[in-house]
Amino acid sequence: MLRALLPRGYLFTVLGIAVGMAGLVSLGAMAERITRFIDGGDRFVLGQISVAGEGMGMGTGFTAGGLLPAARIAEIAHVPGVAAVQAQVMLPLSTTTSHFLTLTQELILGMDLSVPMPNRHYRALPVRAGRFLRPDDRRAVVVGADFAASRGLAVGGTLPLGSLPFTVIGVLDKTLTAPDRFAIVSIEDARDLWLRRDPLLVQVFGSGAGGLGRRDLNSGAAVGWAPGVDPDILARRIQAEVRGVNVTIPGELSRLLRTSTAFFSALLFGLGALGLVIGGLSLSNTVTAAVFERIRDFGIKRALGATDLQLLGEVLGEALRVSVGGCAGGMALALALGFSVDARVFREGQQLFLFSPRLLLFALGFALLLGTLAAGYATLRIARLSPAEAIRRGS
């Protein structure tokens, strides 16, 4: 089957191209993974305005603030331009983990399920297995894809959080951003976990000091805006009209993320450039050398009356088949390498490669283009020689 598809004598040519294309596709898949991570984080933070109470408390996530009482949430909801406010409790899974801004930290997210998600880009988190939480769910948890993979969790399993057993009712589809590491519970369950972690809060809320109740036990809120409202302007309006809150400006947070990931962006560019150089040089040099190796055959055919156009058509046909074969082999090699590496690190909730359709289509188009150019260049060089000279050089 393979002999019928590939021209005779081109086996090592195909193998050489396959090695170069494997490098191109592998490096491209790593770059694609980094790109999706950065873009996903940017998309997530630009979809909502995050608000927290002043100060630093046990809450974590994008604002890492202190308590955000129910009265403050009500004030935010009445600010002109606000469409929805969802109270949240965001806690680090491990109390030894930093509370500062991060997209890779494992978090417990408690959501007020009576309010739809206000994030414009994530109206509903995609569920791969099971279902999402309902307002009456208790001691139930929906886990992100990486969170589930690192612990071998599946629907129906049990996840201990703060010494309390939670039943896994859903596993999210991979988003390649922050929710992949979330354990999402109802806000009432998150409040219970928070009280168990902080004895001081138990005393405050148990005694009713300052008129505080369980509804005031929020670490933050996600705010959505009405159509036509500028989120940055609305965020500053909330900051000016509601006292005692920390407000993140979506545009500023996006720029902060872009700045903090500048190294990854440079790495991405370097990976892409390196992949193109490795794959391009390997393919073009291999095809060109393979054509020149057959210079004697082409000289004989020209001596027997073959025209330059016929010769070019034959060489281009062979070059395209060789390029496609080498590219397919390189893709298969890269996929095997990537999937084997990801299989090892996936148990820790990591993913290093992303073989997207656009990457594979680009690699195929790149191979065809360079194969055609290399074969055309070599053929034109040979066509300038007389049949006798071509036969002599090939001897």
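Further up the page is the structure itself.
Cut-offs used in this document
Residues numbered from 1 in each chain as written. Predicted model: local features only at pLDDT ≥ 70, side-chain atom pairs only at ≥ 80, totals over all residues. Heavy atoms only, no water. Helix = DSSP H or I, 4+ residues; strand = E, 2+ residues; numbered from the N terminus. Buried < 20%, exposed > 50% of the residue type's maximum accessible area, 1.4 Å probe, protein only. Contact = heavy atoms within 4.5 Å. Areas by Shrake-Rupley, 256 points an atom, 1.4 Å probe, with all protein chains shown as cover. Salt bridge = Lys/Arg side-chain N within 4 Å of Asp/Glu carboxyl O. Phe/Tyr/Trp six-rings, centres within 6.5 Å; stacked < 30°, edge-to-face > 60°. Lys NZ or Arg CZ within 6 Å of the ring centre and 35° of its normal. Axes fitted to C-alpha atoms, helices over the stretch in contact; angles between N-to-C directions. Parallel < 35°, antiparallel > 145°, perpendicular 65-115°, else oblique. Left-handed = near helix turned anticlockwise from the far one by under 90°. Nonpolar A, V, L, I, M, F, W, Y, C, P; charged D, E, K, R; others polar. Patch = residues over 30% accessible without salt bridge, like charges linked within 9 Å, V, L, I, M, F, W, Y side chains within 5 Å. Pairing = 2+ DSSP bridges.

(A) Geometry of the overall build of the chain. Looking only at helices and strands, the chain has 13 helices and 10 strands in total. The buried share of the chain, taken over its 395 residues, is 48%. For the chain, contacts bridging at least 24 residues in sequence account for 78% of all contacts bridging at least 6. Per element, the accessible surface of the chain, about 18,600 Å² overall, is 62% carbon and sulfur.

(B) Representation of the pattern of salt bridges. Taken as a whole and judged by the stated rule, the model has 11 salt bridges. Close ionic contact of Arg 36 with Glu 32 constitutes a salt bridge, the shortest N to O distance being 3.6 Å. With a gap of four residues between them, Arg 36 and Glu 32 both fall in helix H2 (residues 11-45), about one helical turn apart. A relative accessible area of 31% places Arg 36 in the partly exposed class. Judged by relative accessible area, Glu 32 falls into the buried class, the value being 9%. Ionic pairing is found between Asp 146 and Lys 174, a salt bridge with its closest N-O pair at 2.2 Å. Taken together, the positions of Asp 146 in helix H4 (residues 145-151) and Lys 174 in the loop between strand E7 (164-172) and strand E8 (182-186) put the pair 28 residues apart, joining distant regions of the chain. Asp 146 sits in the buried class, given a relative accessible area of 5%. A residue is classified by how much of its surface remains accessible, and Lys 174, at 24% relative accessible area, is partly exposed. Ionic contacts of the salt-bridge type, sharing partners, join the residues Glu 188, Arg 191, Asp 192 and Arg 214 into one network.

(C) Summary view of the packing of aromatic side chains. Counted according to the given criterion, the structure contains four aromatic pairs. Taken together, Phe 339, Phe 353 and Phe 355 form an aromatic cluster joined through their ring pairs. When the ring centre of Tyr 122 is taken as origin, the NZ or CZ atom of Arg 43, which lies over that ring, is 5.9 Å away. The ring of Phe 147 has Arg 151 lying over it, and the distance from NZ or CZ to the ring centre is 4.0 Å.

(D) Main features of the environment of Leu 161. Relative to the assigned elements, Leu 161 resides in strand E6 (residues 158-161). Put simply, Leu 161 and Leu 93 are 68 residues apart on the chain and 8.0 Å apart in space, counted from C-alpha to C-alpha. Apart from residues no more than four positions distant in its own chain, Leu 161 is found in contact with Leu 93, Ile 108, Phe 166, Val 185 and Leu 193.

(E) Examining the packing of H2 against helix H11 (residues 308-345) more closely. With their axes 7 Å apart at the nearest point, H2 and H11 run at an angle of 50 degrees to one another. Put simply, H2 runs oblique to H11. As for the relative orientation of H2 and H11, their crossing is right-handed in sense. Contacts from Thr 13, Val 14, Ile 17, Ala 18, Met 21, Ala 22, Val 25 and Ser 26 in H2 reach Val 322, Ser 323, Gly 325, Gly 326, Cys 327, Gly 329, Gly 330, Met 331, Leu 333, Ala 334 and Leu 337 in H11. Class assignment for the residues of the contact of H2 with H11 results in 12 nonpolar, seven polar and no charged.

(F) Here's a closer look at a nonpolar patch on the surface. Judged by side-chain polarity, Leu 11, Phe 12 and Leu 15 come together as a nonpolar surface patch covering roughly 350 Å² of accessible area. When you line up the elements, Leu 11 lands in helix H2.

(G) A look at the pairing of E7. For E7, the buried fraction is high: seven of the nine residues fall into the buried class. As paired elements, strand E4 (residues 127-130) and E7 share three bridges and run antiparallel to each other. Bridging from a neighbouring strand, Val 127 pairs with Leu 172 of E7. Pairing geometry for strand E5 (residues 140-143) and E7, over four bridges, is parallel. Each residue of the ladder has a partner; that of Val 141, found in E7, is Val 168. Pairing of E6 with E7, which is carried by four bridges, proceeds in the antiparallel orientation. Within E7, the residue paired with Leu 161 across the bridge is Leu 164. Taking the residues that link successive antiparallel strands as the turn, the E6-E7 hairpin has two residues, and the phi of Gly 162 there is positive, at about 55 degrees.

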